[in-house]
Structures are given as structure tokens and as C-alpha cells.
Amino acid sequence: EPEVTQTPSHQVTQMGQEVILRCVPISNHLYFYWYRQILGQKVEFLVSFYNNEISEKSEIFDDQFSVERPDGSNFTLKIRSTKLEDSAMYFCAIPRRGPLIFGPGTRLTVL
Amino acid sequence: DAKTTQPTSMDCAEGRAANLPCNHSTISGNEYVYWYRQIHSQGPQYIIHGLKNNETNEMASLIITEDRKSSTLILPHATLRDTAVYYCIVRVASAIAGGTSYGKLTFGQGTILTVHP
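Residues numbered from 1 in each chain as written. Chains lettered and ligands numbered in written order. Predicted model: local features only at pLDDT ≥ 70, side-chain atom pairs only at ≥ 80, totals over all residues. Heavy atoms only, no water.

Undergrad: Tell me what's going on with the overall build of chain B, and back it up with residues and numbers.
TA: On a plain count of helices and strands, chain B comes out with zero helices and ten strands. In sequence order, the secondary structure elements of chain B are arranged as β-β-β-β-β-β-β-β-β-β. Taking 2.2 N^0.38 as the reference for a compact globule, 117 residues should give roughly 13 Å; the C-alpha atoms of chain B span a radius of gyration of 14 Å, in line with that estimate. Its C-alpha atoms give chain B principal-axis dimensions of about 50 × 30 × 25 Å. The burial tally for chain B puts 41% of its 117 residues in the buried class. Contacts in chain B between residues at least 24 apart in sequence constitute 59% of all its contacts with a sequence separation of at least 6. Approximately 6,000 Å² of chain B is accessible, and the part contributed by carbon and sulfur atoms is 50%. Considering chain B, the positive charge centre built from 9 side chains and the negative charge centre built from 9 side chains are found 5 Å apart. (Helix = DSSP H or I, 4+ residues; strand = E, 2+ residues; numbered from the N terminus. Rg over C-alpha atoms; globule rule 2.2 N^0.38 Å. Buried < 20%, exposed > 50% of the residue type's maximum accessible area, 1.4 Å probe, protein only. Contact = heavy atoms within 4.5 Å. Areas by Shrake-Rupley, 256 points an atom, 1.4 Å probe, with all protein chains shown as cover. Lys, Arg positive; Asp, Glu negative; His and termini not counted. Charge placed at Lys NZ, Arg CZ, Asp CG, Glu CD.)

Written out as C-alpha cells, the structure is:
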């Protein structure tokens, strides 16, 4: 069983719409990370979240993005008003005694 | 975080050892060396990490030079399924009350390893 699952695996949306991407670790975690990867580019850090607070964020993580831990079992990344350039793979990751374990990703396509 | 330098691409014959080098000459004392790989657009997969001692697990071996300025990831018997982008990352770790705090992973461009029959 994978340590981290993400839903949906693929999301297609219209520009300007809101999307919510979900990350479900196999066990409760207080710490998680979100990364993204635009096609053909490198994996980029977005934000880290610890105990219901953002601990670090990158320049990419602007006001259009938000993260939440709505309950003890999953984490979400919300993009309020999607832009074409938000099209990318989005990965969440959780720490496992040091190393980060990444989920399989959500492919977001903004039309 | 210290920067790393890796070759853009490497080839390896199936069944042979793949030795992937990484230079991290500005590494600090509290930074670990991590290796990940990414196959197509899948999530990055953790391989191995170390501080100063050589490490081995079921996937690979990590050799870190004594001055810690470079390291080599060794896949002892490469298979076609090992074709991927391999990332060498240095990551800070610091002691905090109750445990250890780890910084984020910062990915570079990595090395494209192609294993051919």
C-alpha cells in the first residue's frame, strides 16, 4: 500500500476556476510539503506545512494558493483562480524519519 | 542549501554498475546528501541518504568522500527499469526540541540515466 495517495490523479479545469488537490498519507502526519513540476522543468518547492501552520513557502506560492489540513487524515492545496501557467504535476510529500516520501501526483490541466 | 553539480546525462549497459557522480563542494556540516530519482512524470522516489559515512540499502550504495565535497550513487546491477532522472540534493538538518528539523528538498536538473540492453 502506498504511503501517500493523491486525488484526483488528473484534473482538467477552465481558467479562472478554483481547484482543490488532495493528499492522503497512510498515517497521521503533522508535517507535509507541496511541490509542482511544469512539463519538462524541474521539481519546484511550493510550501511546507507543520501543525496547521505554513512553515515555509516559495515565491511561487502567492495569494492564489492556500493549504489546509481539514481533518486529521488529509491535506489540501487550493488554487483560487487558476491560470494557464498553473498547468503542472502537483506532488505532496510527507517526511518519514528524514526522507520525504512523495505521492504519485495530480496532473492539473488548465484550459 | 548547498548547490550540487551533476552531469546532464549518462549511459549504462544493463547488468553493469551505474556510478552517478555529484559535486557538492560547499556543503555544510549539518547538511545531508540525498538521492532521489524520477521515472517519467511519477513522483520523485527516495533512494538513499547519508551524512559522512558510506551507506547501502536494497536499492543502491552511497559513497561520500572524506571531505564530503562529492559523492557517488552506485546502482550495482542496472536494469532497464532504472532509466530515470537522478537527483543529488543536499538538505539541512538541525536539532530541535523533541527531535530533528529537516529543511525542504531543492531539486536541480539531475542526471538523465539511460540503461540500454
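Undergrad: Let's hear about the nonpolar core: which residues, and what values?
TA: If you look at the biggest cluster of nonpolar residues, it comprises 40 residues, and the most contacted ones within it are Trp34 and Tyr35 of chain A. Considering every element that reaches this core, the biggest residue donor is strand β9 (residues 88–95) of chain A, with seven residues. Of all hydrophobic cores here, the second largest spans 22 residues; its members include Ala18, Leu62, Leu73 and Val90 of chain B. (Core = buried A, V, L, I, M, F, W, Y, C linked by side-chain atoms within 4.5 Å.)

Undergrad: Any details on the interface of chain B and chain A? Residues and values, ideally.
TA: Often, the extent of an interface is quoted as the loss of accessible area upon association of its parts. Every contact between the two is made by 18 residues of chain B and, on the other side, 20 residues of chain A. Of the roughly 1,500 Å² buried between chain B and chain A on both sides combined, carbon and sulfur atoms contribute 54%. Sorting the residues of chain B by area buried against chain A places Ser41, Lys104 and Phe107 of chain B first, and these three jointly supply 34% of that buried surface. The interface formed by chain B and chain A contains one salt bridge. Where the side of chain B that touches chain A is concerned, the elements lending two or more residues are β3 (31–38), β4 (45–50) and β8 (84–96) of chain B. For the side of chain B that touches chain A, the element with the highest residue contribution is β3 of chain B, accounting for three residues. Tallied by class, residues from the side of chain B that touches chain A come to eight nonpolar, eight polar and two charged. (Buried area = accessible area lost by both parts, 1.4 Å probe. Salt bridge = Lys/Arg side-chain N within 4 Å of Asp/Glu carboxyl O. Nonpolar A, V, L, I, M, F, W, Y, C, P; charged D, E, K, R; others polar.)

Undergrad: If you had to explain unusual backbone geometry to someone new, which residues and values would you point to?
TA: Across the junction of threonine 7 of chain A and proline 8 of chain A, the peptide omega takes the value -10 degrees, indicating a cis bond. Tracing the chain through its elements places proline 8 of chain A in the loop between β1 (4–7) and β2 (10–13). Even without glycine at this site, histidine 40 of chain B takes up a positive phi of about 50 degrees. One can find histidine 40 of chain B in the loop between β3 and β4. Residue histidine 40 of chain B is classed as exposed on the basis of its relative accessible area, which comes to 73%. Even without a glycine there, the phi angle at arginine 68 of chain B is positive, about 65 degrees.

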